[in-house]
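# Descriptive analysis of the structure
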Amino acid sequence: MNTTMDTTRSALRDNRTPGAIALNMLLAAVSLFVNGFGVYLTIQANIGAAPWDVLNLGLSKSLGILYGTASIAVSLTILVIDILLREPIGIAMFIDAVVVGKSVDFFNMIHAVPKGTSLIVGIPMLIAGLFILAYTQFAYMIASLGCGPRDTLLVGLARRVPRVPIGAVSITLLSLATLIGWLLGGPVGVGTLLCAFCTGPIMQFAFRTVRFDATGVRHQRLRDSFRVLFGK
């Protein structure tokens, strides 16, 4: 019995069957939908958005499009760069590119949470959003179907400039996204700094509470997923 359960868990973790891939795709989609609520909370805190969201909101404002549409455009652009850098691409990266932005649009449409009106309200709201992001990131990553486009870009760039610490590469990317977004009219404020400096520690705390080692996940590449799904 235990052997059968271990085999099933292994098949799910390694995406060795079409059913395992389908189940993990569903897990990734649901996790990313809830992740979008975390993003929505950080925006509704109304004290400055996270760096990438400054860019998404700046594009949304300047082009007169929905946040989700801007987010998808940015994510797909980064995904193309990932492909050009020959970084590993997984099915969940495409799910990430679409679901998170449209999830934010959904919560905006139903007016799920009113905007914060002060730092006293906004800071707890933003921190709550960051915790949701951290735990849904864990749920998304255990699907083993690929990291997000931005994380993949960060790793890809860091590999190509080995003498530069990955932290410096991350700061450069975030600063560039914030600058462009700000020039386009995106909201920059205290929340932007909190997101930049608190996201990592909160994610580390969340992963520790669920005993999750992100470095131990072996993400399945897109071509390997297709071979399992279509037998080629």
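Now for a quick tour of the structure. (Residues numbered from 1 in each chain as written. Predicted model: local features only at pLDDT ≥ 70, side-chain atom pairs only at ≥ 80, totals over all residues. Heavy atoms only, no water.)

## Points about the overall build of the protein
- Helix and strand content of the protein: 10 helices and 0 strands.
- Scanning the protein from its N terminus toward the C terminus, one meets helices and strands in the order α-α-α-α-α-α-α-α-α-α.
- For the protein, whose C-alpha radius of gyration is 18 Å, the value lies close to the compact-globule estimate of 17 Å for 232 residues.
- With 232 residues in all, the protein has 44% of them scored as buried.
- Looking at the protein alone, contacts between residues at least 24 apart form 81% of all its contacts between residues at least 6 apart.
- Side chains of the protein give 18 positive and 10 negative charges; the mean places of these two sets differ by 3 Å. (Helix = DSSP H or I, 4+ residues; strand = E, 2+ residues; numbered from the N terminus. Rg over C-alpha atoms; globule rule 2.2 N^0.38 Å. Buried < 20%, exposed > 50% of the residue type's maximum accessible area, 1.4 Å probe, protein only. Contact = heavy atoms within 4.5 Å. Lys, Arg positive; Asp, Glu negative; His and termini not counted. Charge placed at Lys NZ, Arg CZ, Asp CG, Glu CD.)

## A look at the pattern of salt bridges
- One pass over the full model with this rule turns up 6 salt bridges.
- Arginine 159 is the salt-bridge partner of glutamate 87, the closest N and O atoms lying 2.6 Å from each other. Here glutamate 87, found in the loop between α4 (67–84) and α5 (91–109), pairs with arginine 159, found in helix α7 (residues 149–160); they are 72 residues apart in sequence, far enough to count as distant.
- Given a relative accessible area of 7%, glutamate 87 falls into the buried group.
- Relative accessible area serves as the criterion here: at 53%, arginine 159 is assigned to the exposed category.
- Between arginine 160 and glutamate 87 there is a salt bridge, with the nearest N and O atoms lying 3.0 Å from each other. Taken together, the positions of arginine 160 in helix α7 and glutamate 87 in the loop between α4 and α5 put the pair 73 residues apart, joining distant regions of the chain.
- When its relative accessible area of 44% is taken as the criterion, arginine 160 is described as partly exposed.
- Salt bridges linked by common partners bring Asp14, Arg16 and Arg218 together as one network. (Salt bridge = Lys/Arg side-chain N within 4 Å of Asp/Glu carboxyl O.)

## Focus: the side chain of glutamine 44
- Summarising the element assignment, glutamine 44 is placed in helix α2 (residues 18–44).
- Classification of glutamine 44 as buried rests on a relative accessible area of 7%.
- A polar contact is formed between the side chain of glutamine 44 and the backbone oxygen of valine 113, at a distance of 2.8 Å.
- In this view, glutamine 44 contacts Asn108, Val113, Pro114, Lys115, Gly116 and Met125; residues no more than four positions away in its chain are not counted. (Polar contact = N/O pair within 3.5 Å; in protein donor to acceptor, adjacent residues only side chain to side chain.)

## Some points on the packing of aromatic side chains
- As enumerated under the stated definition, the model contains 10 aromatic pairs in all.
- Measuring from centroid to centroid gives 5.3 Å for phenylalanine 33 and phenylalanine 107, while their planes differ by 45°, and the two rings are tilted. Separated by 74 residues along the polypeptide, phenylalanine 33 in helix α2 and phenylalanine 107 in helix α5 bring together distant segments of the chain.
- Its relative accessible area of 10% is what places phenylalanine 107 among the buried residues.
- Both rings, one in phenylalanine 138 and one in phenylalanine 212, keep their centres 5.1 Å apart while their planes meet at 70°; by these two values the pair is edge-to-face. Here phenylalanine 138, found in helix α6 (residues 119–141), pairs with phenylalanine 212, found in the loop between α9 (190–209) and α10 (222–230); they are 74 residues apart in sequence, far enough to count as distant.
- One Lys or Arg, arginine 150, reaches over the ring of tryptophan 52 and ends 5.3 Å from the middle of that ring. (Phe/Tyr/Trp six-rings, centres within 6.5 Å; stacked < 30°, edge-to-face > 60°. Lys NZ or Arg CZ within 6 Å of the ring centre and 35° of its normal.)

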